[in-house]
Amino acid sequence: MESKRTAVALGLFDGVHLGHRAVINAALAQKKNGLSSLVFTFEPDCVLRKAGGTQGYIYTRTEKEILLCEQIGVDDIVSPPFESLCSLSGEEFAEEILCRQLRAAHVCCGNDFRFGKNAACGANELMDFGKRFGFEVEVVSPVEYGGSIVSSSRVRELLLKGDVASANVLLGFNYFINAEVSNGNHIGRTIDFPTINQHFSEGQLVPKFGVYSTFTNVGGKVMPSVTNVGVKPTIEGVRRPLAETHIIGFNGDLYGKNADVCFKRFIRPEMKFASLDELKAQIKKDILSAGTDI
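Source: prediction; values computed, not measured. (Residues numbered from 1 in each chain as written. Predicted model: local features only at pLDDT ≥ 70, side-chain atom pairs only at ≥ 80, totals over all residues. Heavy atoms only, no water.)

Colleague: Which residues make up the pairing of strand 10 (residues 210-218), and what values do they have?
Modeller: Each regular strand shows side chains that alternate between the opposite faces of the sheet. Most of strand 10 sits out of view: eight of its nine residues are buried. Pairing of strand 10 with strand 11 (residues 221-230), which is carried by nine bridges, proceeds in the antiparallel orientation. In the sheet register, Ser 213 faces strand 11, and the bridge partner there is Val 226. The loop that links strand 10 with its antiparallel partner strand 11 comprises two residues; one of these, Gly 219, has a positive phi angle of about 60°. (Buried < 20%, exposed > 50% of the residue type's maximum accessible area, 1.4 Å probe, protein only. Helix = DSSP H or I, 4+ residues; strand = E, 2+ residues; numbered from the N terminus. Pairing = 2+ DSSP bridges.)

See below:
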């Protein structure tokens with residue numbers, strides 16, 4: 001039995017922000033024509049290459065899958081390593097990948113989309129190839145907010161400043177991390193504030209060091225939380241950036257499990273305290289501050 005024809009959304013989709021969603025929604029709209037929706041993107045390290053490796057990619061592959069499939073409702077994702085396709089000409093990409101492998105009937109992209117060896121082709125060439133290989137092309141206009149085009153670079157800049165509230169507006173949802181809960185040094189339990197530790201992936205953007213008001217999804221239950229992003233300067237020996245989250249009112253064991261921690265707003269910069277008692281007193285204040293978001 002021949003596989004179903006698809007509506008394909010093309011792009012890096014690093015932040016899956018409002019501009020990206022416009023392209024993806026155009027593909028989803030083709031469901032009315034009997035097409036399944038498919039996102040074609042690249043592994044996160046491709047974003048590092050494009051950005052010069054200076055800031056990092058926003059979301060891991062797992063986080064993209066959560067956003068695209070579970071939240072937005074895309075049927076499938078194809079995310080090959082960049083190296084596997086970079087030598088293909090634009091014509092080869094259109095014929096072999098879009099036409100033969102993905103069975104595209106409708107292809108959506110932004111007006112700045114580039115493809116083919118050395119990014120030689122753009123939207124105009126894609127429309128020409130579509131006529132030759134039997135798929136329609138829909139070029140989606142960029143989305144503007146605050147007088148400027150919404151882009152992954154804008155989102156990165158805001159996250160690096162700690163302005164997650166503004167980043168969330170451009171993303172269209174709350175910035176989040178999804179990572180396995182790792183075993184820590186259990187200092188939090190000794191001061192009556194147990195925490196979960198989650199490491200950022202290699203090459204992933206780390207938001208501004210500091211404390212954030214967050215909420216955490218625990219087994220489908222969303223609970224208020226406070227998250228410190230940084231290197232725990234009060235604790236000896238911890239220097240790899242991580243997210244350390246105290247889930248308010250939760251005392252269960254999440255080690256080895258993945259948890260979604262969604263960021264609402266920045267509370268304060270990361271600080272080094274003279275003692276654990278000072279740290280404990282500040283955590284109490286942070287929880288009170290986060291409580292205004294509940």
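Colleague: Before we move on, can you summarise helix 5 (residues 123-133) with the specific residues and values?
Modeller: All of the buried residues in helix 5 are Ala 123, Leu 126, Phe 129, Gly 130 and Phe 133. Buried positions in helix 5, seen along its axis, are confined to an arc of 115° and lie on one side of it. Relative to its buried face, helix 5 has exposed residues pointing more than 90 degrees away, namely Asn 124, Lys 131 and Arg 132. Those residues of helix 5 that are buried lie in contact with strand 1 (6-10), helix 4 (90-101), strand 4 (104-110) and strand 5 (136-140). Once helix 5 ends, the next one or two residues include Gly 134, with phi positive near 85°. (Arc of directions from axis to C-beta. Contact = heavy atoms within 4.5 Å.)

Colleague: So what's going on with the nonpolar core? Residues and values would help.
Modeller: If you look at the biggest cluster of nonpolar residues, it comprises 50 residues, and the most contacted ones within it are Ile 24, Tyr 59, Leu 68, Leu 159, Tyr 175 and Phe 263. Those residues in contact with Ile 24 that lie beyond four places of it in its chain are Ala 9, Phe 13, Val 16, Val 39, Leu 68, Ile 72 and Val 74. Counting 25 residues, the second-largest nonpolar core is a separate cluster that includes Leu 10, Phe 113, Phe 133 and Val 137. (Core = buried A, V, L, I, M, F, W, Y, C linked by side-chain atoms within 4.5 Å.)

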